[in-house]
Amino acid sequence: MTAQEAIKLGGLDFTVRVSEDPVSTTVNCKTISVDSKFITYADVPGNGLTALGVVGNRYTPIQNSEAFDLLNNIVDESGANFDSAGIVGNGRKCYITMKLPNTIQVAGGNDAIDTYLNCFNSHDGSSSFKIQVTFLRLICTNGMTGFVGGESITLRHTSNATVKVAEAREALGVVFAQQQAFEDEINKMLGIKISDKEYKEFVESLVPYPTGEASTRATNSVDKMRGELMGLWRADTQANVKNTAWAAFSAVTEYVDWVKPVRGQGEDKELLRAERRLTGSSSLKARAHELLLA
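1. Things to note about the overall build of the chain
- Of regular secondary structure, the chain possesses nine helices and eleven strands.
- C-alpha extents for the chain along the principal axes are approximately 65 × 55 × 30 Å.
- Counting all 294 residues of the chain, 43% fall into the buried class.
- Contacts in the chain between residues far apart in sequence, at least 24 positions, make up 58% of those at least 6 positions apart.
- Surface exposure of the chain reaches about 15300 Å², of which carbon and sulfur atoms provide 49%.
- Between the mean site of the 30 positive side-chain charges and the mean site of the 35 negative ones, the chain shows a separation of 5 Å.

2. Examining the layout of surface pockets
- Computed from the structure, the largest pocket encloses a volume of approximately 770 Å³.
- Around the largest pocket sit 33 residues that line it, and Arg273, Ala274, Glu275, Arg277 and Leu278 are the ones nearest its centre.
- Secondary structure elements with two or more residues in the lining of the largest pocket: strand E6 (81–88), strand E7 (93–106), strand E8 (111–122), strand E9 (130–137), strand E10 (142–145), helix H7 (245–259), helix H8 (266–279) and helix H9 (283–292).
- Tallying contributions element by element places H8 first for the lining of the largest pocket, with nine residues.
- A breakdown of the residues in the lining of the largest pocket according to their chemical character gives 13 nonpolar, eleven polar and nine charged.

3. Re the pattern of salt bridges
- All told, the structure shown has ten salt bridges when counted by the stated rule.
- Between Glu77 and Arg169 there is a salt bridge whose closest N-O contact spans 2.9 Å. Separated by 92 residues along the polypeptide, Glu77 in helix H3 (residues 71–78) and Arg169 in helix H4 (residues 161–190) bring together distant segments of the chain.
- Residue Glu77 is classed as partly exposed on the basis of its relative accessible area, which comes to 34%.
- When its relative accessible area of 52% is taken as the criterion, Arg169 is described as exposed.
- Lys285 is paired through a salt bridge with Asp257; the nearest N and O atoms lie 2.9 Å apart. Here Asp257 lies in helix H7 and Lys285 lies in helix H9, a separation of 28 residues in the sequence. This pair shows no difference in class: Lys285 is buried, exactly as Asp257 is.

4. Re the packing of aromatic side chains
- This structure, assessed with the given rule, holds six aromatic pairs.
- Look at Phe68 and Phe129: their rings are 5.6 Å apart centre to centre, the planes differ by 75 degrees, and that puts the pair in the edge-to-face class. Of this pair, Phe68 sits in the loop between helix H2 (64–67) and H3 while Phe129 is found in the loop between E8 and E9, placing the two residues 61 residues apart along the sequence.
- Overall, Phe68 belongs to the buried group, its relative accessible area being 0%.

5. Overview of the pairing of strand E4 (residues 37–44)
- Only one face of E4 is covered, namely the one carrying Phe38, Thr40, Ala42 and Val44; the face carrying Lys37, Ile39, Tyr41 and Asp43 has none of its residues buried.
- Relative to E4, strand E1 (residues 17–18) runs antiparallel, the two sharing two bridges. Considered in E4, the bridge of Arg17 is made with Tyr41.
- The pairing of E4 with strand E5 (residues 48–56) spans eight bridges and is antiparallel. Residue pairing in the sheet places Thr40 in a bridge with Gly53 of E5.
- Between E4 and E5, which pair antiparallel one after the other, the connecting turn spans three residues, and Gly46 there sits at a positive phi close to 85 degrees.

6. Here's the deal with H7
- When the terminal C-alpha atoms of H7 are compared, their 20 Å separation across 15 residues agrees well with the 21 Å that a helix rising 1.5 Å per residue should span.
- Of all 15 residues that make up H7, 13 are buried, and the element is covered over most of its length.

7. Comments concerning the side chain of Asn72
- You can see Asn72 is positioned in helix H3.
- Within the structure, the side chain of Asn72 is placed 3.2 Å from the side chain of Gln4, a separation counted as a polar contact.

8. As for the pairing of E8
- In terms of burial, E8 is largely enclosed, as twelve of its twelve residues are buried.
- Across the two faces of E8 the burial is the same, with Asp111, Ile113, Thr115, Leu117, Cys119 and Asn121 and Ala112, Asp114, Tyr116, Asn118, Phe120 and Ser122 all buried.
- Summarising the sheet, E7 and E8 pair through eleven bridges and their orientation is antiparallel. By the bridge assignment, Met98 is partnered in E8 with Leu117.

9. Some words on the sheet that holds E5
- The strand order across the open sheet built from three strands is E1-E4-E5, with neighbouring strands paired in antiparallel fashion. A single partner strand is all that each edge strand has here, and the edge strands are E1 and E5.

10. What to know about the nonpolar core
- In this structure, Leu71, Met98 and Trp246 are the most contacted members of the largest nonpolar core, which totals 65 residues.
- Take this core: its biggest share by element is nine residues, from H7.
- Ignoring anything within four residues of it in the chain, the contact list for Met98 reads Leu71, Ile74, Val75, Ala80, Asn81, Phe82, Asp83, Thr115, Tyr116, Leu117 and Cys119.

Cut-off values and rules
- Residues numbered from 1 in each chain as written.
- Predicted model: local features only at pLDDT ≥ 70, side-chain atom pairs only at ≥ 80, totals over all residues.
- Heavy atoms only, no water.
- Helix = DSSP H or I, 4+ residues; strand = E, 2+ residues; numbered from the N terminus.
- Buried < 20%, exposed > 50% of the residue type's maximum accessible area, 1.4 Å probe, protein only.
- Contact = heavy atoms within 4.5 Å.
- Areas by Shrake-Rupley, 256 points an atom, 1.4 Å probe, with all protein chains shown as cover.
- Lys, Arg positive; Asp, Glu negative; His and termini not counted.
- Charge placed at Lys NZ, Arg CZ, Asp CG, Glu CD.
- 1 Å grid on protein atoms, 1.4 Å probe; cavity = no way out; pocket = protein on both sides within 12 Å on 5 of 7 lines; lining within 4 Å.
- Points joined across faces, edges and corners; volume = space filled by probe spheres on them.
- Nonpolar A, V, L, I, M, F, W, Y, C, P; charged D, E, K, R; others polar.
- Salt bridge = Lys/Arg side-chain N within 4 Å of Asp/Glu carboxyl O.
- Phe/Tyr/Trp six-rings, centres within 6.5 Å; stacked < 30°, edge-to-face > 60°.
- Pairing = 2+ DSSP bridges.
- Expected span 1.5 Å × (residues − 1).
- Polar contact = N/O pair within 3.5 Å; in protein donor to acceptor, adjacent residues only side chain to side chain.
- Core = buried A, V, L, I, M, F, W, Y, C linked by side-chain atoms within 4.5 Å.

This is a description of form; function is not addressed.
Encoded structure:
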């Protein structure tokens, strides 16, 4: 599949425009405006005409067809496959995920981690086109982002094909370095043995009680979270790596991705959970990583 085919299948084939008139409102029959701010908008498939964001007067939208065309070079250079495509926030951000062909194998081949590239194009002025490296543990599909130099990779937009290929190679060099660093981190955590008592102490440090006077609700919330983390410590997903720092870290990532409450109901709730996993790293995961390797 090409980037163009992924764009069409994912509903990303729309054109973003900037309003001619600045942002304004009417108060007491008088119109007031901010002359340096404008609205980006598009006719988004499935959503219709949609306001996407407020941007400055120098903002020029980069269309999805132009932005994601860069990914064809990454496919050519690495053998990556287009995996999924879609929109976040009614079109404010668009994404394409790519799966790299090589899988990290640890724990004697009993634990496998795939590498994905989450590629984002923003239409609300919040960020430039970027690629975020995410590692996905297959036994529980936990996402792990941003722990080993996991800053996002930003690519320039250019029509020069030679530059595009050079940028793709440079980006992949960063990705492969992160892969190796993450594998080294996993092996380091596999070498750290943790008893049940030590894991309990780790959870208590990770999820402390509120300081000062705390409500019963707040205390109960901490107890519930600690109990769920303790249960995941002995879950089947940790069986192959039990009593290691890697098992402890995996229990925390499983909690954040699949157990931690998400506001909303029904399908909206699951969409919010998916969006949270796709678009950002977790402070709880980062804190767990820090504690386990302190």
